Amino acid sequence: MLDIILDAKKLKDALNVASLAISSLENSLESHCLFELKNKKLKIISTDKDKKIALAILDASSEEEGLFTADSKKILNLLKTSSQDSIRFSYFPETTTLEIYASEDKESFIALPSFDPTAFPAVEEIFDKSFEVKVLNAGVLLAGIRFIQEFLTKTNKSNNKFSNAFISNGIIYGTNGNNKIGAFTSPDLEGLNELVIPEIMLSPIASLIDKPDTLSIRTTSTHVLIADSDLTTVFGFTKPQVKIPRIPIDIKEPQDSTGAEINVNLLLKKIERLKITGDADLGLTLSLVSDKIILSTLQDRSSKDSMICKKIGTEDKDTIIKCRVLEDILNAFSSVHKGTYEIKMFLDKNLKFFWSGKLEIMDKKPQIKELTFAAIMTPAATVDAGASK
């Protein structure tokens, strides 16, 4: 029998990491995590056997050694019902049963089944053989991930290049291949090149890096790993077989172009108001006239709203856009800056958006980081006024 005492909060954090990589196929070996007790440390390893792997390590008050598997989701659900500071695991190899003591009554326990731990996929060597590519601030990468998610095609097929975020030459960029392109850059990303992150991996990575101050980006011939600085929590994914395309966006503001400085939150409010009159693909005419932006719906009964702006250049211009795509891009900027602020919008052949400024990023103490965000709505985002409702 193995007997282990664990800190309840640390166990919960570790299981949350491990759960990022488990299979959705219930009651399978890959829906379980592998628990490995050795040298007073408990390793929790998970994999869906296809795309994802995860590792979490925590202290354990036991001199014993052993292996077992267990369903991490069921343990997490049990922890939600417990107010205890410590949790006891008792594993019985002869019956492959794990007893978990999490009740106020010390004699009460929940019994869970375990699979043969020797049959668990051999993924631990991936963690052991990885090498460090870059150490960077977690908050910077988190800002880039939150921004770029709005621009990618959402699909489970990581070999579709439009469902991947690319990092090269210190820039994170991506596009849905149709009507929107986004890019993010920071000096912290310099030296991080030729990295492809599937869209379906961005949310798990974001949940992992929301807490540590610094990250270690690691790689093997087959996997990319994102780890905290002491390698006690790691999330990894299989490298997509996608060639990194050229950066499809200039992150420098255009010169001698007509545009305006716009308040993101106010423009989103105007769009939300106009959406009441139509569906998600509602078309808008966006006109820049003097110191005003005028939005008019492309409908038989047109609705209109306007807002004051700070004009860039001297020309008056207008363009036709899809309301939904404009809203997606504005929400991308809002996802990284929760306060009231202004971005620059230029009415060229494409509709271009830029914001370069300073954000407070958490480190061991808060730091002010210089970040740049850029986005483009391509001509495919426009709508035919004659086809409007």
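Residues numbered from 1 in each chain as written. Predicted model: local features only at pLDDT ≥ 70, side-chain atom pairs only at ≥ 80, totals over all residues. Heavy atoms only, no water.

Draft legend 1. Structural context of the packing of helix H4 (residues 138–148) against helix H5 (residues 199–208). Where H4 contacts H5, the axes come no closer than 10 Å and their chain directions differ by 145°. Here the hand of the crossing between H4 and H5 comes out left-handed. Residues Leu142, Ile145 and Ile148 of H4 touch H5, and the partners they reach there are Leu202, Ile205 and Ala206. Residues of the contact of H4 with H5, tallied by class, amount to 6 nonpolar, no polar and no charged. (Axes fitted to C-alpha atoms, helices over the stretch in contact; angles between N-to-C directions. Helix = DSSP H or I, 4+ residues; strand = E, 2+ residues; numbered from the N terminus. Left-handed = near helix turned anticlockwise from the far one by under 90°. Contact = heavy atoms within 4.5 Å. Nonpolar A, V, L, I, M, F, W, Y, C, P; charged D, E, K, R; others polar.)

Draft legend 2. Just the sheet that holds strand S6 (residues 86–92), in detail. Within the open sheet, the 4 strands sit side by side as S1-S6-S7-S8. Their pairing is antiparallel. What marks the edges here is a single partner per strand, and that holds for strand S1 (2–7) and strand S8 (110–113). Taking each pair of neighbouring strands and ignoring which way they run, the sheet shows an average axis angle of 25°. Across 5 bridges, the pairing between S6 and strand S7 (residues 97–101) is antiparallel. Paired with Tyr91 across the two strands is Leu98, which belongs to S7. (Pairing = 2+ DSSP bridges.)

Draft legend 3. Structural detail: helix H7 (residues 323–336). Between its terminal C-alpha atoms H7 stretches 21 Å, which fits the 20 Å expected from 14 residues at 1.5 Å a residue. Here H7 lies mainly inside the structure; 12 of its 14 residues are buried. For H7, the complete set of buried residues consists of Cys323, Val325, Leu326, Glu327, Asp328, Ile329, Leu330, Ala332, Phe333, Ser334, Ser335 and Val336. (Expected span 1.5 Å × (residues − 1). Buried < 20%, exposed > 50% of the residue type's maximum accessible area, 1.4 Å probe, protein only.)

Draft legend 4. Geometry of the pairing of strand S18 (residues 283–289). Of all 7 residues that make up S18, 6 are buried, and the element is covered over most of its length. Judged from the 6 bridges that link them, S18 and strand S22 (residues 317–322) form a sheet pairing that is antiparallel. When the sheet's bridge partners are listed, Thr285 is paired in S22 with Ile320. Here 6 bridges tie S18 to strand S19 (residues 292–297), and the two strands are oriented antiparallel to one another. Its bridge partner being in S19, Val289 is matched across the sheet by Lys292. Between S18 and the antiparallel strand that follows it, S19, lie 2 residues; Ser290 among them carries a positive phi value of about 55°.

Draft legend 5. Looking closely at the environment of Ser296. Looking at the secondary structure, you find Ser296 in strand S19. Along the primary structure Ser296 and Ile209 are separated by 87 residues, whereas in three dimensions their C-alpha atoms are 41 Å apart. Discounting chain neighbours no more than four positions away, the residues touching Ser296 are Gly283, Leu284, Thr285, Ser302, Ser303 and Lys304.

Draft legend 6. Fine view of the nonpolar core. Counting residues in hydrophobic clusters, the biggest one holds 100 residues, and the most contacted among them are Phe89 and Phe353. Here Phe353 is in contact with Ile262, Leu326, Ile329, Leu330, Phe333, Ile343, Lys344, Met345, Phe373, Ala374, Ala375 and Met377, once residues within four sequence places are set aside. With 13 residues, the next largest nonpolar core counts Ile181, Ala183, Phe354 and Ile376 among its residues. (Core = buried A, V, L, I, M, F, W, Y, C linked by side-chain atoms within 4.5 Å.)

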